[in-house]
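# Structural features, examined
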Amino acid sequence: RQRAVELRQRLRDVGMEVLRGDSPIIPVVVGSEARVLELSQQLWVRGIYVPGIRPPTVPDGTCRLRISLSTCHTDEHLERLIAALAEC
């Protein structure tokens, strides 16, 4: 959970809108359906799987990326994710 808290803060530091919490499931609010699908695809081509969550699962205008952190993720994985999101 501490790594999830730290990742949430690091994502905020690069300008991502991250919902509060300490869960290893980290929602990054993007807004539009088109943008969340675009970001998810851009991450995918970089070898990072982060699905986009859209209505009806979430309310209109609150589409989000769903980062699922596990104990298998290394610091290098997280650095790559943060860099890719900052770039996209």
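Higher on the page you've got the structure.
What comes next concerns the included structure. In this text the structure is predicted, and so the values were computed from the model without any measurement.

Take the pattern of salt bridges next. Between side chains of opposite charge, pairing is possible as soon as their charged atoms come close. Tallying each qualifying case throughout the model produces six salt bridges. Put simply, Arg 10 and Glu 79 hold a salt bridge, and the shortest N to O gap is 2.6 Å. Residue Arg 10 is found in helix α1 (residues 2-13), and its partner Glu 79 is found in helix α3 (residues 75-87); the two are separated by 69 residues along the sequence. Its salt-bridge partner being Glu 33, residue Arg 54 comes within 3.2 Å of it at the nearest N-O pair. One end of the pair, Arg 54, is in the loop between β3 (52-53) and β4 (63-68); the other, Glu 33, is in helix α2 (residues 33-45), and 21 residues separate them in sequence. By relative accessible area, Arg 54 is classed as partly exposed at 34%. Judged by its relative accessible area of 38%, Glu 33 falls in the partly exposed class.

Below, the discussion takes up the packing of α1 against α3. Between α1 and α3, the least distance of the axes is 10 Å, while the angle of their chain directions is 25 degrees. By the angle class used here, α1 and α3 are roughly parallel. The hand of the α1/α3 crossing is right-handed. Contact residues: α1 offers Arg 3, Leu 7, Arg 10 and Leu 11, while α3 offers Asp 75, Leu 78, Glu 79, Leu 81, Ile 82 and Leu 85. Here the contact of α1 with α3 is built from residues that sort into six nonpolar, no polar and four charged.

Attention now moves to the layout of surface pockets. Its boundaries defined by the atoms lining it, the largest pocket holds a volume of some 240 Å³. Around the largest pocket sit 14 residues that line it, and Ile 48, Tyr 49, Val 50, His 73 and Leu 81 are the ones nearest its centre. Looking at the lining of the largest pocket, the elements that each hand over two or more residues are β4 and α3. Residues belonging to the lining of the largest pocket are distributed by class as follows: eight nonpolar, four polar and two charged.

Reading the values: rules and limits
- Residues numbered from 1 in each chain as written.
- Predicted model: local features only at pLDDT ≥ 70, side-chain atom pairs only at ≥ 80, totals over all residues.
- Heavy atoms only, no water.
- Salt bridge = Lys/Arg side-chain N within 4 Å of Asp/Glu carboxyl O.
- Helix = DSSP H or I, 4+ residues; strand = E, 2+ residues; numbered from the N terminus.
- Buried < 20%, exposed > 50% of the residue type's maximum accessible area, 1.4 Å probe, protein only.
- Axes fitted to C-alpha atoms, helices over the stretch in contact; angles between N-to-C directions.
- Parallel < 35°, antiparallel > 145°, perpendicular 65-115°, else oblique.
- Left-handed = near helix turned anticlockwise from the far one by under 90°.
- Contact = heavy atoms within 4.5 Å.
- Nonpolar A, V, L, I, M, F, W, Y, C, P; charged D, E, K, R; others polar.
- 1 Å grid on protein atoms, 1.4 Å probe; cavity = no way out; pocket = protein on both sides within 12 Å on 5 of 7 lines; lining within 4 Å.
- Points joined across faces, edges and corners; volume = space filled by probe spheres on them.

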